[in-house]
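Single-letter residue listing:
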Amino acid sequence: MTIDRRAFLAAALSGSFAFPFAGRALAATEVERVDALIARMTVEEKAGQMTCLTDSFRPYNPPNPQVGIQDEKRLAEEVRKGRVGCLFNGIGVAGARRAQEIAVKESRLGIPLLLAGDVIHGLKTIFPVPLAEAASFDPALAERTARAMAQEASAAGLHLTFAPMVDVARDQRWGRVVEGSGEDVYLGSLFAAARVRGFQGRDLRRDDSLLACPKHFAAYGAVAAGLEYGSVDISEETLRETHLPPFGSAFAAGALTTMAAFSEINGVPATADRELLTDLLRGEMKFRGFVFSDYTADEELIAHGFAEDERDAARLAVLAGVDMSMQSGLYIRHLPDLVKSGAVPMGTIDVAVRRILYVKMAIGLFDNPYRSISEEAERTRIATPARHALAREAAGRSIVLLQNSGILPLDPAKRQKIALIGPFGEDRDNLYGPWAFYGEKGKGVDIAAGLRAAMPDPALLSIGKGCDIMALIDGGVAQAVEAVKAADIVLLALGESQDMSGEAQSRTVIELPPPQQMLADAVAATGKPVVILLRHGRALALHGSVASAQAVLATWFLGSEAGHAIADILFGRVDPSAKLPVSFPWESGQEPFFYDRKSTGRPVIDNRTEYRARYMTTDNSARYPFGHGLSYTRFALENLKLSDTALRWDRAIEVTARLTNKGDRRGSEVVQLYIRDRVASRTRPVRELKRIERVTLDPGESRTVRFSLSRTDLQFVGSGNRIIAEPGLFDLWLGQSSEGGLHAQFTLYAEAVAPASAR
Ligand code: BGC
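Residues numbered from 1 in each chain as written. Predicted model: local features only at pLDDT ≥ 70, side-chain atom pairs only at ≥ 80, totals over all residues. Heavy atoms only, no water.

## Some details on unusual backbone geometry
Leaving glycine out, the prevailing phi sign among residues is negative, and the prevailing peptide bond configuration is trans. Our working definition: Numbering of helices and strands starts at the N terminus; helices are DSSP runs of H or I of at least 4 residues and strands are runs of E of at least 2. Exposure is judged per residue with a 1.4 Å probe applied to protein chains only, and the accessible area is read against the type maximum: over 50% gives exposed, under 20% gives buried, and values in between give partly exposed.
The residue after Lys 215, namely His 216, is reached through a cis peptide bond having omega 0 degrees. Cis geometry is found at the peptide bond from Glu 591 to Pro 592, where omega equals 0 degrees. Tracing the backbone shows Pro 592 in the loop between β19 (584-585) and β20 (622-624). Not every positive phi belongs to a glycine, and Asp 606 is a case in point at roughly 50 degrees. Summarising the element assignment, Asp 606 is placed in the loop between β19 and β20. Asp 606 gets classed as exposed once you look at its relative accessible area, which sits at 67%. Residues other than glycine seldom take positive phi values, yet Tyr 611 does so here, at roughly 50 degrees. Secondary-structure assignment places Tyr 611 in the loop between β19 and β20.

Written out as structure tokens, the structure reads:
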């Protein structure tokens, strides 16, 4: 399947989206119903609809500091009085029903509650973290897992997930890299749309449709130095070109809510930024849904030094375009008086309430307030075997083979003695990743269990922890070395704990903790062949014996079926086919590091390094580039052809090449098409990804891959925010990563100029 979504980028850049509200137009009668309701609402009831609080009707486990109403009785009273319109981060049907009954039967207007939660990569069945899944380079897979998550979440009494996170993340020090699709705008946009489609399904009114909330608007991933909650200082062009398209793509796919970022952009916190949340988001991008604040982010305007006090903060947020205040309670406390005093027009409140009620209407809550609250669904739809099978498939498709001397795959028939060494071998606390707090703790399949299940003779497996994640254990390294000496091959499971990435987990150095590096060096010194199994929520800078191991696998946080999926890859039951969605630098200090960087005036050419754009200790290249990932078979890409080297303004050119499986196993390759605009009125990146295509081939089999390119693929945000394509010479590469590949050139001709071939 060719993934060809050039329209989204053009549309995102030009802001020319036209999408039906809620994936379907609301009927006139539904609009009238909302209007009639708003006419009857008091200002307090309106502020209530604009308030979202943590759900103490049912067990919840917020990742955030616990503030606000913590007990069911008090919260019930708020619902009864119509002082809250949305609850979040509780799951379970019984509690959802209790809450909804109060809203519908006991509040004056009977407006149903919207029930939300952070279902980022699974409810009970945990799928790979989003970054890992992006490594599949297969948006269709993400659509399937999002659908599965929606089926579970909606069976647990949820209507909306605060996902997908679509922030482009280019600094691996930032912990939230793990929640998104990595560093690339094109890949990120494909996954954003796929996940929205998966969560929401085809019909928003269905019981198993889960509203999506692409977040965090906008440029949250661009926080300076990767410091969580930090500041963003960014050009308007980069904001639009790099950070907005995944949002545009998610909205075009039908997302009806979004969340304002915690961070500030160019001196204005996103939560209070009217230009961002109103002029740009609604005016230019034509977003028709409603905006959540992030958790207490309106209140945080005070700490930002932007608002004087709570009242001022509520005023600024609502005027900027934040429709729903999350958790601070500021709207319900201050909006009624702000309206009364004239500081906030009633019209502003009405618009916000209307947006929220439209969404409730669109998902059918007014006709069936108990949708997604079904005891039977809760019993039958959660953690089913089919879902576990999908989690295993997704996990296998997320593992990236970074290097392989030929040691992998292991042959189970060989009766090799395997030593599984390292803090993650038998660890079940770090399988899921940082955003899976509804998953049953300790229930995932660890590496040891996965290996035992795959080995004909599990007695051939020995296990040694060697060290803890962050500390040496007394005698641990020595014991591990003894176990290694008795083995034929070593699997070394190293990496980050799951709380080393995720929200508020920025790191200054993106390396393995020193005790683990010491363990690896001691193990390597035995001379036994070593396979590194990395666990991580970001790209890492690998060194020494880890980087020079016979094989290295990026295994991220893979979820419920992690151990099985790792064994599937190690024993060759599944061929590795994933590609890096983030570049692995040589050193931490290269961050922020991404493949589509600028050339500079002094690039390193032909190894000439003096007075060139490089660091004293390393080239500014990647150890493993974006898009890199090996297979157990070998692919050859040959015979690159362009239908024309002249691309006319309103035409397209066809790019073809032949991919052959030259190895002796069936496998999949992702062919990647990159371009470079050689001369432009704003400098362009050294490469930009424009197309991907996944191809599966039997040994000896060949297939022609075909891509069509047109002017819109060459557009960028020029100065003054103009979307332009500029005539001139372009490089094109078709390859297996963002480095190397087959190369060709073509020229874009302006309308008025006849191309040479046409003369
Ligand atoms: C995060 C959001 C999340 C919210 C609710 C915040 O801390 O930034 O991504 O959806 O909490 O849990």
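Read on for the rest.
## Some points on the domain arrangement of the protein chain
Note the following rule: In this document the domain limits rely on a domain assignment from an automatic tool or a database. The contact criterion used is simple: two residues touch if any of their non-hydrogen atoms lie within 4.5 Å. Reported buried area values correspond to the accessible surface (1.4 Å probe) lost by two parts on association, with both partners' losses combined. The term salt bridge refers to a pairing of a side-chain nitrogen on Lys or Arg with a carboxyl oxygen on Asp or Glu at a separation within 4 Å.
Along its sequence, the protein chain is carved into domain 1 (25-57 + 84-379), domain 2 (409-590) and domain 3 (635-758). Measuring from the centre of the C-alpha atoms in domain 2 to the corresponding centre in domain 3 gives 37 Å. Between domain 2 and domain 3, the contact holds 5 residues from the first and 9 residues from the second. Summing both sides of the interface, domain 2 and domain 3 together bury roughly 520 Å²; the carbon and sulfur share of this comes to 37%. Together, Asp 575, Ser 577 and Lys 579 form the three largest contributors to the area buried by domain 2 at its contact with domain 3, with a combined 80%. Linking domain 2 with domain 3 are 2 salt bridges. Among the salt bridges present, the one from Arg 665 reaches Asp 575, with a minimum N-O distance of 4.0 Å.

## Regarding empty space enclosed by the protein
Convention followed: Cavity means a closed set of points on a 1 Å grid over the protein atoms alone, one where a 1.4 Å probe fits but cannot get out, pocket means an open set with protein on both sides within 12 Å along at least 5 of 7 lines, and lining means a residue has an atom within 4 Å of a point. Grid points are joined across faces, edges and corners, and a volume is the space filled by probe spheres set on the points. Each residue gets one label: Ala, Val, Leu, Ile, Met, Phe, Trp, Tyr, Cys and Pro are nonpolar, Asp, Glu, Lys and Arg are charged, and the others, such as Gly, are polar.
The tally for this structure, following the rule as stated, stands at 8 cavities of 30 Å³ or more. Lining the largest cavity are 14 residues, and of these Asn 64, Asp 118, Asp 294, Trp 435 and Glu 503 lie nearest its centre. Considering only residue class, the lining of the largest cavity consists of 7 nonpolar, 2 polar and 5 charged.

## Observations regarding the packing of aromatic side chains
What counts here: Note on ring pairs: Phe, Tyr and Trp rings are taken, using the six-membered ring of Trp, and paired if centres are within 6.5 Å. Classes follow the plane angle, with under 30 degrees stacked, over 60 edge-to-face and the rest tilted. Here, a charge over a ring is recorded when the distance from Lys NZ or Arg CZ to the ring centre is within 6 Å and its angle to the ring normal is within 35 degrees.
Evaluated as defined, the whole model comprises 17 aromatic pairs. Ring geometry for Phe 88 versus Phe 162: centroids 5.9 Å apart, planes at 75 degrees, classification edge-to-face. Taken together, the positions of Phe 88 in strand β3 (residues 86-88) and Phe 162 in the loop between β5 (160-161) and α8 (185-200) put the pair 74 residues apart, joining distant regions of the chain. For Phe 88, a relative accessible area of 1% translates into the label buried. Between Tyr 229 and Phe 262, the ring centres sit 5.1 Å apart and the planes meet at 90 degrees, which makes this aromatic pair edge-to-face. One end of the pair, Tyr 229, is in the loop between β6 (215-217) and β7 (231-232); the other, Phe 262, is in the loop between β8 (257-260) and β9 (264-265), with 33 residues separating them in the sequence. Grouping aromatic residues by their ring pairs yields a cluster made of Phe 88, Phe 162, Phe 290, Phe 292 and Tyr 295. Seen from the ring of Phe 594, Arg 170 lies directly overhead, with NZ or CZ sitting 4.1 Å from the centre. The ring centre of Trp 733 lies 4.0 Å from the NZ or CZ of Arg 687, which sits over that ring.

## Digging into the nonpolar core
Note the following rule: What makes a nonpolar core is a set of buried Ala, Val, Leu, Ile, Met, Phe, Trp, Tyr and Cys residues whose side-chain atoms join them at distances within 4.5 Å.
Membership of the largest hydrophobic core comes to 191 residues, with the highest contact counts inside it found for Phe 292 and Trp 556. No other element matches helix α15 (residues 346-362), which puts 9 residues into this core. Looking at which domains feed residues into this core, each of domain 1 (25-57 + 84-379) and domain 2 (409-590) gives three or more. If you look at the next biggest cluster of nonpolar residues, it comprises 24 residues, including Leu 647, Val 705, Leu 732 and Leu 748.

## Topic: α15
So the rule is basically this: Helix span, expected: 1.5 Å multiplied by one less than the number of residues in the helix.
Under the 1.5 Å per step criterion, the end-to-end length of α15 is 24 Å for 17 residues, consistent within 8% with the ideal 24 Å. Among the 17 residues in α15, 12 count as buried, and that is most of the element. By the burial criterion, the buried members of α15 are Ile 349, Asp 350, Ala 352, Val 353, Arg 355, Ile 356, Leu 357, Tyr 358, Val 359, Lys 360, Met 361 and Ala 362. Remark: Gly 364 follows α15 within two positions and exhibits a positive phi of approximately 85 degrees.

## A look at the pattern of salt bridges
A side chain of one charge can pair with a side chain of the opposite charge if their charged atoms are brought near each other. Within the structure shown, the criterion is met by 62 salt bridges. In this structure, the salt-bridge partner of Glu 241 is Arg 684, at a minimum N-O distance of 2.9 Å. Here the residue Glu 241 occupies a position in helix α9 (residues 236-243), and Arg 684 occupies one in the loop between β24 (667-677) and β25 (688-697), the gap between them amounting to 443 residues. The pair Glu 241 / Arg 684 is uniform in exposure class, with both members buried. When salt bridges with common partners are traced through the structure, they connect Glu 241, Arg 682, Arg 684, Glu 688 and Lys 690 into a single cluster.

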